[in-house]
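Each chain, written out:
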Amino acid sequence: MTAVGTPAVRRLGRTLRIPKGRGLDVTIFLVTVILYSIAWPTLQVTHDVPVPLMPIVSALAVFPFVLVRANPALGWAISAGSAVVVPVAFDRLPDYDFPWQVTHLIVLLTLVFAVSLRCAMPIVVVAWVSTALLFLGYTQGQDGIGWSVGLSAIVVFGLLIRWLVLSRRELAKQEEVSELERARRTILEEKAKIARDLHDVIAHHMSLVVVQAQSAPYRIDDVSPAAAAEFASIGATAREALNEIRGMLGVLRSDGVLAENAPQPTVSDIPSLLESSLRAGVPLTWETTGSPADVSMSTGLALYRILQESLSNASRHAPGTDVRVRLDYGVELTYLEVVNGRPVGPGTVGSGTAGSGTAEAGTGGHGLRGMRDRALGAAGWLDARVRQDGGFEVVARLPSTPVAAQVVGPTL
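Just so we're clear, the structure is a prediction, and the values are computed from it rather than from any experiment. (Residues numbered from 1 in each chain as written. Predicted model: local features only at pLDDT ≥ 70, side-chain atom pairs only at ≥ 80, totals over all residues. Heavy atoms only, no water.)

### Some details on the overall build of the chain
A tally of regular secondary structure across the chain gives twelve helices and five strands. For the chain, the proportion of its 412 residues judged to be buried stands at 36%. Looking at the chain alone, contacts between residues at least 24 apart form 69% of all its contacts between residues at least 6 apart. (Helix = DSSP H or I, 4+ residues; strand = E, 2+ residues; numbered from the N terminus. Buried < 20%, exposed > 50% of the residue type's maximum accessible area, 1.4 Å probe, protein only. Contact = heavy atoms within 4.5 Å.)

Here is the structure:
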């Protein structure tokens, strides 16, 4: 029988399993049913109530207990209202001196305790004072004072529990904040360590490049004017890169300063970027139309970075070829086009500005992916492809002003 009965018992247990979070509701309902089964039969020994009204009066005394969790203030109001009506509407029997049934008193005090635990302080004060006046008005002599004192003790006990729970929650919240602060401090320490490493590894060598480029015409004899100009261009480009690296190091070393709050290139820095590329020896021409004053900071930053990456890839993957840049600052859209010619040399076709083809295979395509991410981040669109003549082009359309949840696509 044990072997046969065990699976059946398990299936019955799974069938009757109470969902998580419903156990307390089921308990409250069962307690209400038990109290009602006591209140109805015993009403005839406490009050002179007609038989047809006995289930209704008993229900008014007990059923508000169902609201002890869902809405204790409403449950208290119903229980207190019936406590006012019952002693007036129905006479007590000679052998019973208390104005209400014991079950009614249990429900009323429980609801007052629940109100003190969960409701706002004005509601707690109203329930406290009203119930105390109810005891003073319906109980005789010292009993009313005694019940009022006991009620006050219940309310104070509920408030103490409430404040204890709230203080523990606040303590847990503060501990969580402290833990987050410790984690943040750890991250800042790691950022500072990375900044030191970058400074030691990159900034130091970049500084040496600047110094060597600037001092080369003085250290080397018979430097031609073209070579001196080339050294000056190298020094200017290295200084610009060094300034950007210092800005990144400042963000890494900052305590609580977000990267978007650090100085970033804007649309006004694009002409200097084009001129520095031209000084570096890139055969560059550009055409600009419209007013850059209408371009937002986010779009300006994206334009600068996309153009910077495109020019860098053009000089790296297609050196010596002509590069054309077209910028159209529209009221709604800003258009950018970077085109370079066919790379010179075998096996270099298709390795243009975006690093496609062989260049993308070698670098993982991070340049192209980064440019597209910047365009999407500005709610814009970017395309990079090989031209029919073997060159490469990057085309980007970005909203001149910030646009929420919109991606600008190619126009037909």
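### Overview of the pairing of strand β1 (residues 284-290)
Each regular strand shows side chains that alternate between the opposite faces of the sheet. Pairing geometry for β1 and strand β2 (residues 323-329), over seven bridges, is parallel. Considered in β2, the bridge of G290 is made with Y329. (Pairing = 2+ DSSP bridges.)

### Side note on the sheet that holds β2
Taking strand neighbours across the sheet as the criterion, the five strands line up as β1-β2-β3-β5-β4 in an open arrangement whose pairing is mixed. Two strands close off the open sheet at either side, each with one partner strand: β1 and β4 (381-386). The mean inter-strand angle of the sheet, taken between neighbouring strand axes irrespective of direction, is 10°. Where β4 and strand β5 (residues 392-399) come together, six bridges link them in antiparallel fashion. Following the sheet pairing, V386 is matched in β5 by F392. (Axes fitted to C-alpha atoms, helices over the stretch in contact; angles between N-to-C directions.)

### Looking at the pattern of salt bridges
One pass over the structure, following the stated rule, counts seven salt bridges. Among the ionic pairs, E179 bridges to R182, the shortest N-O distance being 2.4 Å. On the criterion of helical spacing, the pair formed by E179 and R182 is a turn pair, its members being three residues apart in helix α7 (residues 142-219). Taking the relative accessible area as the measure of exposure, R182 reaches 42% and is therefore partly exposed. R387 is the partner of E393 in a salt bridge, and the nearest nitrogen-oxygen pair spans 3.2 Å. One continuous salt-bridge network, built from bridges that share partners, spans D383, R385, R387, D389 and E393. (Salt bridge = Lys/Arg side-chain N within 4 Å of Asp/Glu carboxyl O.)

### Some remarks on helix α2 (residues 23-42)
For α2, spanning 20 residues, the distance from its first C-alpha to its last is 29 Å, which sits close to the expected 28 Å at 1.5 Å a residue. Among the residues of α2, those classed as buried are I28, T32, L35, Y36 and A39. When α2 is viewed along its axis, its buried side chains cluster within an angular range of 110° and face the same direction. In this structure, the buried side of α2 is in contact with α3 (54-62) and α5 (102-118). (Expected span 1.5 Å × (residues − 1). Arc of directions from axis to C-beta.)

### Notes on the packing of aromatic side chains
Enumeration according to the criterion identifies eight aromatic pairs in this entry. Between Y36 and W40, the aromatic rings sit 5.8 Å apart at their centres with planes inclined by 50°, giving tilted as the arrangement. Of this pair, Y36 and W40 both sit in helix α2, four residues apart, roughly one helical turn. Accessibility expressed as a relative area gives 16% for Y36, which makes it buried. Here a set of aromatic residues connected by ring pairs shows up, and it is made of F98, W100, F135, Y138 and W147. (Phe/Tyr/Trp six-rings, centres within 6.5 Å; stacked < 30°, edge-to-face > 60°.)

### Thoughts on the environment of I154
If you trace the backbone, I154 turns up in helix α7. Separated by 38 residues in sequence, I154 and S116 place their C-alpha atoms 8.7 Å apart. Sequence-distant contacts of I154, defined by excluding residues within four places in its chain, comprise L109, F113 and S116.

### Some remarks on unusual backbone geometry
Of note in this structure, A379 is not a glycine but carries a positive phi near 60°. By the element assignment, A379 lies in the loop between α12 (366-377) and β4. Judged by its relative accessible area of 9%, A379 falls in the buried class.

### What to know about the packing of α5 against helix α6 (residues 121-138)
The relative placement of two packed helices is expressed as an angle between their axes plus a distance between the axes. For the pair α5 and α6, the least separation of the axes is 9 Å and the interaxial angle reads 155°. The orientation of α5 relative to α6 falls into the category roughly antiparallel. With respect to the hand of their crossing, α5 and α6 are arranged in left-handed fashion. Within the contact between the two elements, α5 uses L105, L108, L109, V112, V115 and S116 and α6 uses I123, V124, A127, T131, L134 and F135. Counted by class, the contact of α5 with α6 contains ten nonpolar, two polar and no charged residues. (Parallel < 35°, antiparallel > 145°, perpendicular 65-115°, else oblique. Left-handed = near helix turned anticlockwise from the far one by under 90°. Nonpolar A, V, L, I, M, F, W, Y, C, P; charged D, E, K, R; others polar.)

### Description of the pairing of β5
In terms of residue burial, β5 counts as a mostly covered element, since eight of its eight residues are buried. By the alternation rule, side chains of β5 split into F392, V394, A396 and L398 and E393, V395, R397 and P399, which are all buried.

### Let's talk about the nonpolar core
W76 and L151 are the most contacted members of the largest nonpolar core, which has 33 residues in total. Residue assignment for this core shows that the elements contributing at least two residues are α2, α3, α4 (72-89), α5, α6 and α7. The element that contributes the greatest number of residues to this core is α5, accounting for eight residues. In contact with W76, other than residues within four places in its own chain, are L108, L111, V112, V115, V126, A127, S130 and T131. Residues L284, L303, V325 and L382 belong to the second largest nonpolar core, which totals 30 residues. (Core = buried A, V, L, I, M, F, W, Y, C linked by side-chain atoms within 4.5 Å.)

### As for a nonpolar patch on the surface
Taken together, the side chains of M121, V125, V129, L133, L136, I145, V149, V156, L160, W163 and L166 present a nonpolar region at the surface, about 980 Å² in accessible area. At the level of elements, α6 and α7 are the ones that each hand at least two residues to the nonpolar patch. Top element by residues in the nonpolar patch is α7. It accounts for six residues. Turning to its location among the elements, V149 is positioned in helix α7. Judged by its relative accessible area of 53%, V149 is exposed. (Patch = residues over 30% accessible without salt bridge, like charges linked within 9 Å, V, L, I, M, F, W, Y side chains within 5 Å. Areas by Shrake-Rupley, 256 points an atom, 1.4 Å probe, with all protein chains shown as cover.)

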